[in-house]
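One-letter residues, chain by chain:
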Amino acid sequence: MPWYGSHSYLNEYIRERHCRKIMEIGVYNGENAVSMVETAIQIFPPQEVEYYGFDFFSYYGSSEIGRKLEKMGCKFRLFVGNTLDTLPEAVKTLPEMDLIFIDGGKSFKVAESDWRNSRLLMHDRTGVFVHNAGFWGVRRMVENISRDKYRVKIFRALSEGSVALIKKNRIDSACTV
Ligand SMILES: C[S@@+](CC[C@H](N)C(=O)[O-])C[C@H]1O[C@@H](n2cnc3c(N)ncnc32)[C@H](O)[C@@H]1O
C-alpha cells in the first residue's frame with residue numbers, strides 16, 4: 001500500500017537502531033502504528049515499547065486505534081485534535097523519541113509546526129522521517145531546515161514518492177555547550 005499502512009524503511013530503522021519510543025503524526029487507520037510496534041516488540045518486551053500518535057481521529061476513532069494497540073501490549077497515548085494545538089502542548093511533557101514519523105497535514109503551516117515541535121523531542125540519534133517530502137508545503141518545510149544543525153537525506157520509497165530523513169548534525173551538537 002503506497003500511502004497508508006506499513007512503511008518498510010520505518011521498520012528497518014526500528015530494527016537496526018533498536019527504537020523503543022516512537023511518535024507518529026498522522027495515524028489514520030493505525031496500520032502503520034501496529035506495524036512499527038510489532039517490529040519494536042521483536043526487540044523489546046512489549047511493556048517497554050512506547051507509541052505516541054497524533055490525529056484528528058475523525059475517519060478512524062481513537063478508541064478503535066486504541067483497541068488495536070492494547071492488543072500489542074505496548075504503552076501508548078493518542079492525542080486527538082489538530083496538531084497545531086495538540087503538539088505544542090504535548091511536547092512539554094513527552095519524552096525524547098527514537099523515531100518520529102511526520103505524516104499529518106501537508107500544508108506548509110502544519111508541516112512546519114509539526115517539524116518545529118518534533119525537533120524538541122530529538123536526542124542525538126533520533127531519526128525523523130517526513131512523508132510526502134515532494135508535496136509543495138512539505139517540501140518547502142524540508143528545504144527550510146537548517147543544514148548547520150541537521151543532516152537531511154531525501155530518498156524515494158517504492159510507490160510512495162519522496163521521504164526525508166532528518167538527523168541531528170553530530171558535529172554541531174558536539175560543539176554545542
Ligand atoms: C496520510 S494519513 C496518515 C497515514 C499513516 N501515517 C500511515 O502511514 O498509514 C494523514 C493523517 O493525518 C491526519 N491529519 C492531517 N492534518 C492534521 C492535523 N492538522 N492535525 C492532526 N491530524 C492531521 C489525517 O486525519 C490523516 O489521518
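Residues numbered from 1 in each chain as written. Predicted model: local features only at pLDDT ≥ 70, side-chain atom pairs only at ≥ 80, totals over all residues. Heavy atoms only, no water.

## Considering the site of the ligand
To keep things clear, this is the line we draw: Put simply, a residue is near a molecule or strand once any heavy atom of it comes within 4 Å of that molecule or strand. Identification of polar contacts relies on pairs of N or O atoms within 3.5 Å, with a donor-acceptor requirement for protein atoms, meaning one able to donate a hydrogen and the other able to accept it, and with residues adjacent in sequence counted only if both atoms are side-chain atoms. Shrake-Rupley sampling with a 1.4 Å probe provides the accessible areas, and residues are treated as covered by the protein chains on show and by no other component.
Not every one of the 19 residues close to the ligand is listed here, only the nearest: Gly 5, His 7, Gly 26, Asp 55 and Asp 103. Measuring from a nitrogen atom of the ligand, one finds a side-chain N or O atom of Asp 103 at 2.7 Å. Contacts to the ligand include Gly 105, whose backbone N or O atom sits 3.2 Å from a nitrogen atom. Surface burial for the ligand is 90%, taken as the share of its 600 Å² of free accessible area covered by protein chains.

## Digging into the confidence of the model for the protein chain
Low-pLDDT portions of the prediction should not be read for the details of their coordinates. Note the threshold: A residue's pLDDT is simply how confident the predictor is in it, with values from 0 to 100. Contacts are assigned to residue pairs that have any heavy atoms within 4.5 Å of one another.
Here the protein chain averages 94 in pLDDT, while 94% of its residues score no lower than 70. Low pLDDT (under 50) marks residues 173-177, which in the prediction has 1 contact with non-local residues, meaning those over four places away or in another chain.

## Focus on the sheet that holds strand S4 (residues 97-102)
Heads up, the condition is: Strands pair, by our definition, only if DSSP identifies at least two bridges between them. Runs of H or I in DSSP of at least four residues are treated as helices and runs of E of at least two as strands, each being numbered from the N terminus. Between N-to-C directions, angles cover 0 to 180 degrees, with each direction set by a line fitted to C-alpha atoms, over the stretch in contact for helices.
Read from one edge to the other, the open sheet built from 7 strands follows the order S3-S2-S1-S4-S5-S7-S6, with strand pairing classed as mixed. What marks the edges here is a single partner per strand, and that holds for strand S3 (75-80) and strand S6 (150-157). Here the average twist between neighbouring strands, direction ignored, is 15 degrees. Pairing of strand S1 (residues 21-25) with S4, which is carried by 4 bridges, proceeds in the parallel orientation. Bridge pairing in S4 links Ile 25 to Ile 102. Contacts from helix H6 (residues 136-143) reach strand S5 (122-130), S6 and strand S7 (161-168) within the one sheet, and its direction differs from that of S5 by about 155 degrees.

## Observations concerning helix H2 (residues 31-40)
Definition in use: Each residue is assigned to one of three classes by its accessible area relative to the maximum for its type, calculated with a 1.4 Å probe on protein chains only: buried under 20%, partly exposed between the two thresholds, exposed over 50%.
Within H2, 8 of the 10 residues are buried, leaving the element largely enclosed by the surrounding structure. For H2, the complete set of buried residues consists of Asn 32, Ala 33, Val 34, Ser 35, Met 36, Val 37, Thr 39 and Ala 40.

## What about a positive patch on the surface?
The line we're drawing: What makes a patch is a set of residues exposed beyond 30% relative accessible area and free of salt bridges, joined within 9 Å when like-charged and within 5 Å when nonpolar (Val, Leu, Ile, Met, Phe, Trp, Tyr). Salt bridges, as used here, are contacts in which a Lys or Arg side-chain nitrogen is within 4 Å of a carboxyl oxygen on Asp or Glu. Within this scheme the basic residues Lys and Arg register as positive and the acidic residues Asp and Glu register as negative, but His and the chain ends are omitted. All charge positions are set by atom: Lys at NZ, Arg at CZ, Asp at CG, Glu at CD.
A cluster of basic side chains, namely Arg 17, Arg 125, Arg 151, Lys 153 and Arg 170, defines a positive patch on the protein surface. Along the chain, the position of Arg 17 falls in helix H1 (residues 8-17). What makes Arg 17 partly exposed here is its relative accessible area of 45%.

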